[in-house]
Amino acid sequence: MPNKRTAFITAFSLCLCGLVLPHKQGRAEVVKIDITRKDDFGTHDRIIGRVQFAVDPKLPANRIIADLDLAPRNRQGKVEFTSDLLLFVPKDARRARGTVFLEVVNRGRDQSLAIMSGAEQRDLSPESWVLGDGFLLEQGFTIAFLGWQFDVHPSQGLTFGAPIAPVRGVVRESYIAAPGRRSTGFFLKYCALDQSRHAAALTFRTRMDEMPQPLPRESWRFASDGCSVEVDRGLDIGLYEAVYEAEGSPVAGLGLAAIRDFASYLRYGPSGATLRKNPAAQERVIGYGYSQSARFLREFVRDGFNGDERGRKVFDALMISSAGAGAGSFNHRFAMPGEAGNSVLSVLRPVDLPPFTDDGLLARAQAARVTPKIFYTFSSTEYWARAGSLTYTTGDGKKDVPLAATSRLYFLAGTPHASGVLPLGNATRTQPFRHFINFAEQRWAARALLLDLDAWVRNGTGPPRSRYPLIAKQELVPFTGVRFPVAPSFPFATYMPQVWRMDFGPEYDKTRVITNEPPHLGAPYPVLVPQVNAECSCAPIEQPRVLERPDWRF
């Protein structure tokens, strides 16, 4: 049995079979857009709705979607799915920029509005989203947000309805028991099959680089519904991993198809159709993603989704911010799209997989002549926790690899992945820290770069040259080679997440079905980090000398 959320999605998707109107053409894509609310939003109209899609599993553009051929189909042989939509359309065509800014939402919610406009969302229902200081509105963008992640609840933002493939297979659930309130167990994203629970395994370790130790089978058990694990003596601080068999996998890769097909509709849909009353406001489409959703865009272009079912270019440009070298658990059987990869919060997911550099990442797009212009941006975190150096270094970590001519990379040095606030604090709502949280923000750089990217697409204005550390200039070095200043009150980090070569099974590359859980590990990739500037030192500061009053004057 799938868990309750999965069961709901199954029922919902099956109900759609009677609601979605058949498409007359061979390729269905966007079938219908249901507008549930339209409001005056100053310079823009705000539109809230639901997009209904249908895709043909037989088309070449869709064959890479895992388990699509096993999903339920309507009478036309298409697979149906739906997405929540939030859209802001300029009222005055003369003030419209002609560019759509389509953000791939991060776990159901925005990132661009906070990063570029200082917005703070307090209610994630689409009618309650705030746009901060309105930068994107003032610049005349059409602004679109679309749900794509099947496990997002309505209270978390924009949702996505994916059909369920009736399959069985191995699942691995990771859980980190942190200091604080002691717990006796943890919930599972996929519920364990009753008849196979006796063969399941649970391991524990206190460090990421330790060998997992199995817990005796009699010391733990699944809950009666199979949707959680309970440990007799309670959970110790450390990492638990349950490996078991589950049934019913959402076709997660349809989230990639939803972004592809909606962006294509905004750009190429029939003039005068729903949301296409003013095609001049939608001549170009820029895709934006931050962190998880930036990793989504790396996978999107890697897997060939920037060409639609007709082979047309979908996104003119992508702003891929703070992804590092990662992709995501977005398009395989029993996907876990909220998992981050080899960070401190999740372990050995099919996230940090090659190709990492542009020559491999853009190969399909280049072959199909649908390569988007790309701005990559890194905060400091992307080098230290997201293996950013792998995006432009050789596999042995010895040389730099050039970016594609259509790509630029900008290192926003000193900025964190998630900024703190002023006045300084050393805690978030849920977690205390030893030091003050870095308050440096990316707002002004991000705004300028977005306008530069739009100008590059719109009229060919050359963008700023890339700025990032290079091996050739001795600016990118191994972790052990960083000349960090000695500061007893702020010691240098002793741990950095690694990225291993991972084998998920002999058929994974073809079928996106994992059979090795956990994956078999090979050698780690050499991950490099920026060198500290030579002028950064902690030499004793000379005490100020007080001048006698006769020696100075106003």
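The shown structure was predicted, so the numbers you read here are calculated from the model rather than taken from an experiment.

Draft legend 1. Structural context of the nonpolar core. With 123 residues, the main nonpolar core has Leu102, Tyr244, Leu254 and Phe262 as its most contacted residues. Sort the elements by how many residues they give to this core and helix H4 (residues 254–268) lands first, with nine residues. When sequence neighbours within four positions are dropped, the list of residues in contact with Phe262 reads Val30, Ile33, Val51, Phe53, Leu85, Leu102, Ala144, Leu146 and Leu275. Among the nonpolar cores identified, the runner-up in size contains twelve residues, and Phe356, Val477, Val527 and Val529 belong to it.

Draft legend 2. Broad picture of the state of the cysteines. All chains considered together, the criterion is met by one disulfide. Across a sulfur-sulfur distance of 1.9 Å, Cys191 and Cys227 are joined as a disulfide pair. Negative torsions about the S-S bond denote left-handed disulfides, and the value of about 95° found for Cys191 with Cys227 makes this one right-handed. With Cys191 in the loop between strand S8 (185–187) and strand S9 (201–205) and Cys227 in the loop between strand S11 (220–222) and strand S12 (228–231), this residue pair connects regions lying 36 residues apart in the sequence. Cys227 shares its class with Cys191; the two are buried.

Draft legend 3. Examining helix H5 (residues 292–302) more closely. Burial within H5 is extensive, with eleven of its eleven residues counted as buried. Residues of H5 that are buried include every one of Gln292, Ser293, Ala294, Arg295, Phe296, Leu297, Arg298, Glu299, Phe300, Val301 and Arg302, and no others. Backbone geometry just after H5 places Gly304 at a positive phi near 90°.

Draft legend 4. Inspection of the pairing of S9 at higher detail. Burial within S9 is extensive, with four of its five residues counted as buried. Relative to strand S13 (residues 238–250), S9 is paired through five bridges, and the arrangement is antiparallel. Counterpart to Ala201 in the pairing with S13 is Val243. Relative to strand S10 (residues 213–214), S9 is paired through two bridges, and the arrangement is antiparallel.

Draft legend 5. Representation of the side chain of Asn331 within the structure. As for its placement among the helices and strands, Asn331 is situated in the loop between strand S15 (317–321) and helix H6 (358–361). Classification of Asn331 by relative accessible area gives buried; the value is 1%. Of note is the side chain of Asn331, whose polar atom sits 3.1 Å from the backbone oxygen of Ile64. Those residues in contact with Asn331 that lie beyond four places of it in its chain are Ile64, Ile65, Ala66, Gly253, Leu256, Glu299, Asp303 and Arg512.

Draft legend 6. Broad picture of the sheet that holds S11. Strands sit in the order S8-S12-S11 across an open sheet of three strands; the sheet is antiparallel. Unpaired on one side and paired on the other, S8 and S11 mark the two borders of the sheet. Direction aside, neighbouring strands of the sheet carry axes that sit 10° apart on average. One ladder, built from three bridges, connects S8 with S12; its direction is antiparallel. Residue Gly185 lies in a different strand from S12, and its bridge partner there is Glu230.

Parameters and conventions
- One numbering rule holds for all chains: residues counted from 1, following each sequence as written.
- Only residues with pLDDT of at least 70 are given local features in this predicted model, and only at 80 or more are side-chain atom pairs given and counted; all residues enter the totals for whole chains, interfaces and linings.
- Heavy atoms throughout the structure, all of them, feed into the side-chain values; hydrogens and water do not.
- The nonpolar core is taken to be a set of buried Ala, Val, Leu, Ile, Met, Phe, Trp, Tyr and Cys residues, with the residues joined through side-chain atoms within 4.5 Å.
- Burial classification: accessible surface area is computed with a 1.4 Å probe over protein chains only, and a residue below 20% of its type maximum counts as buried, one above 50% as exposed, and the rest as partly exposed.
- A run of H or I in DSSP becomes a helix once it reaches four residues, and a run of E becomes a strand once it reaches two; helices and strands are each numbered from the N terminus.
- Throughout, a residue-residue contact means that at least one pair of heavy atoms, one from each residue, lies within 4.5 Å.
- In this description, the term disulfide denotes a pair of cysteine sulfurs within 2.5 Å.
- For two strands to be treated as a pair, DSSP must find no fewer than two bridges joining them.
- Polar contact is the term for a pair of N or O atoms within 3.5 Å; when the atoms are in protein, one must be able to donate a hydrogen and the other to accept it, and sequence-neighboring residues count only if both atoms are side-chain atoms.
- Here the axes come from fitting lines to C-alpha atoms, over the contacting stretch only for helices, and the angles between their N-to-C directions go from 0 to 180 degrees.

Worth remembering: the numbers are spatial, not functional.
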